[in-house]
Amino acid sequence: MLFFWEVTLLAVTDTLLVLFSFMQAVALFKSYFGGAFDEDAIRNNFVLIYELLDEIMDFGYPQNLSPEILKLYITQEGVRSPFSSKQPLDKPVPNATLQVTGAVGWRREGLAYKKNEVFLDIVESVNLLMSSKGSVLRCDVTGKILMKCFLSGMPDLKLGLNDKIGLEKESQLKNRPTKRCSGKTIELDDVTFHQCVNLTRFNSEKTVSFVPPDGEFELMKYRITEGVNLPFRVLPTIKELGRTRMEVNVKVKSVFGAKMFALGVVIKIPVPKQTAKTSFQVTSGRAKYNASIDCLVWKIRKFPGQTEPTLSAEIELISTIAEKKSWTRPPIQMEFQVPMFTASGLRVRFLKVWEKSGYNTVEWVRYITKAGSYEVRC
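Calculation rules
Residues numbered from 1 in each chain as written. Predicted model: local features only at pLDDT ≥ 70, side-chain atom pairs only at ≥ 80, totals over all residues. Heavy atoms only, no water. Phe/Tyr/Trp six-rings, centres within 6.5 Å; stacked < 30°, edge-to-face > 60°. Helix = DSSP H or I, 4+ residues; strand = E, 2+ residues; numbered from the N terminus. Buried < 20%, exposed > 50% of the residue type's maximum accessible area, 1.4 Å probe, protein only. Lys NZ or Arg CZ within 6 Å of the ring centre and 35° of its normal. Pairing = 2+ DSSP bridges. Axes fitted to C-alpha atoms, helices over the stretch in contact; angles between N-to-C directions. Arc of directions from axis to C-beta. Salt bridge = Lys/Arg side-chain N within 4 Å of Asp/Glu carboxyl O. Contact = heavy atoms within 4.5 Å. Polar contact = N/O pair within 3.5 Å; in protein donor to acceptor, adjacent residues only side chain to side chain.

**Student:** Tell me about the packing of aromatic side chains, and name the residues and values.
**Tutor:** Summed over all chains, the structure comprises 10 aromatic pairs. Note on F232 and F256: the rings are 5.5 Å apart at their centroids and 90° apart in plane angle, and the pair reads as edge-to-face. Placement of F232 in strand β9 (residues 232-241) and of F256 in the loop between β10 (245-254) and β11 (261-270) is noted, with a sequence separation of 24 residues between them. Residue F232 is classed as buried on the basis of its relative accessible area of 0%. A relative accessible area of 3% places F256 in the buried class. With 6.0 Å between their ring centres and 55° between their planes, F256 and F341 make a pair best called tilted. One end of the pair, F256, is in the loop between β10 and β11; the other, F341, is in the loop between β16 (332-339) and β17 (348-354), with 85 residues separating them in the sequence. In terms of burial, F256 and F341 fall into one category: buried. Taken together, the aromatic side chains of F232, F256, F303, F336, F341 and Y374 make up a single cluster linked through ring pairs. Its end group placed over the ring of Y367, R347 keeps NZ or CZ at 4.4 Å from the ring centre.

Dropping the structure here:
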């Protein structure tokens, strides 16, 4: 059933993409035909339409539908309909700088800043399902690279990551054997880019080259399914002592470096609905019983790396005359944020900025890993 809905969603997405591209193509044809797009305009400009389609289509999808840029390549004028003589004139064609840099619809000319800065954030979410014995049942990482650019002129940026394919391609281009990287190399799955990325260069050189939009934007998305570095391991022990008592012991181990720390850590430990009273001890943070969600909520504001805080709790249950039903234990859930840590191991090797005026830039890079669906079975 899930597969059916995924296929349906993909089909709807493709349909919307084609519809949106068709509307842009109609606007392109109108700009060449003097504002008209009817049967006569199509018949009179058949050769020009064929030439335009050949220019804009790539792998079955329209790529560049900007009239201003296409008129730098295809200078032929369309046969105008007599009804379009009063149509307003087209906007003047911009200079070739925009076409050369690839900045068409996402960056304007003439930007100037006193201080040229680039901020790059790698934000990842970890999705995990772990057994009560510590074995990983399901795990993946979804990530995105967010950027905020305050750069003058028309800069060209080049981003290097420690992905396996990119490093191998770089070694081939330099005619030397692939060296084992001192750090970890990773394989990115399901990569999608912002429209500013030069896909031709990425396919040939495996480098992320782009002319950035001004301000904040999402450069790329990716997914990792292998070699995930889990920031936490949770080891729960729950004992049911008769009909009215339970003992809960939970140990949470931070796997990241000792000089790092997690923020806003919340561990939700499920308990039965008939819980009457709780008492617990924690070695770090604070804990309380939340009856509205039937959980012990353990909060640690700042969680250092390479530590193992524990929670020990005794739970008293309401005694009932009716036969006790077996308790279906929901999984333990975690929330957290770990600055300067990536579960995938993704790292920025370099971020180069080139602009014809040769100004200096300041680059800032940050990493953060958050909990997605981070669950451990009791």
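**Student:** Explain the sheet that holds strand β8 (residues 215-224) to me, using residue names and the numbers behind them.
**Tutor:** Overall, mixed pairing links the nine strands, which are arranged β6-β8-β4-β3-β18-β16-β11-β14-β13 in an open sheet. Each of the sheet's edge strands pairs with one partner strand only, and the pair in question is β6 (189-193) and β13 (286-290). Across this sheet, the average inter-strand angle for adjacent strands is 15°, counted without regard to direction. Alignment of β6 against β8, held across three bridges, turns out to be antiparallel. What sits directly across from T192, in β8, is K221.

**Student:** I'd like to hear about helix α3 (residues 46-56), residue by residue, with values.
**Tutor:** If you check which residues of α3 are buried, you get L48, I49, L52 and I56. The arc that holds the buried residues of α3, viewed along the axis, is 100°, so those residues lie on one side. Exposed side of α3, more than 90 degrees from the buried face: F46, V47, Y50 and D54 are the residues found there.

**Student:** Account for unusual backbone geometry, naming residues and giving values.
**Tutor:** At D190, a position not held by glycine, the phi torsion is positive, near 50°. Tracing the sequence through the fold places D190 in strand β6. Even without glycine at this site, D294 takes up a positive phi of about 55°. Mapped onto the fold, D294 is located in the loop between β13 and β14 (295-304).

**Student:** Can you break down the pattern of salt bridges residue by residue, with the values?
**Tutor:** Tallied over the full model, the rule gives 10 salt bridges. A salt bridge links K221 to E218, with the shortest nitrogen-to-oxygen separation between them at 3.8 Å. By relative accessible area, which is 41% here, K221 ends up partly exposed.

**Student:** Hey, could you go over the environment of K302 for me, with residue numbers and the actual values?
**Tutor:** In this fold, K302 is placed in strand β14. According to the relative accessible area criterion, K302 is partly exposed, its value standing at 45%. Along the backbone, K302 and Q337 are 35 residues apart, and their C-alpha atoms lie at a distance of 9.9 Å. When near neighbours in sequence (up to four residues on either side) are disregarded, K302 contacts F261, A262 and L263.

**Student:** Requested: an account of the side chain of D294, with residues and values cited.
**Tutor:** Residue classification places D294 among the buried residues on the basis of a relative accessible area of 15%. Polar contacts involving the side chain of D294 include one to the side chain of K273, which spans 3.2 Å. Each residue touching D294, except ones within four places of it in the same chain, is listed here: I269, P270, V271, P272, K273 and Y289.

**Student:** Would you mind going over the environment of P212 in detail, with residue names and values included?
**Tutor:** By secondary structure assignment, the location of P212 is in the loop between β7 (208-210) and β8. What makes P212 buried here is its relative accessible area of 0%. Along the sequence, P212 and W106 sit 106 residues apart, while their C-alpha atoms lie 7.7 Å from each other.

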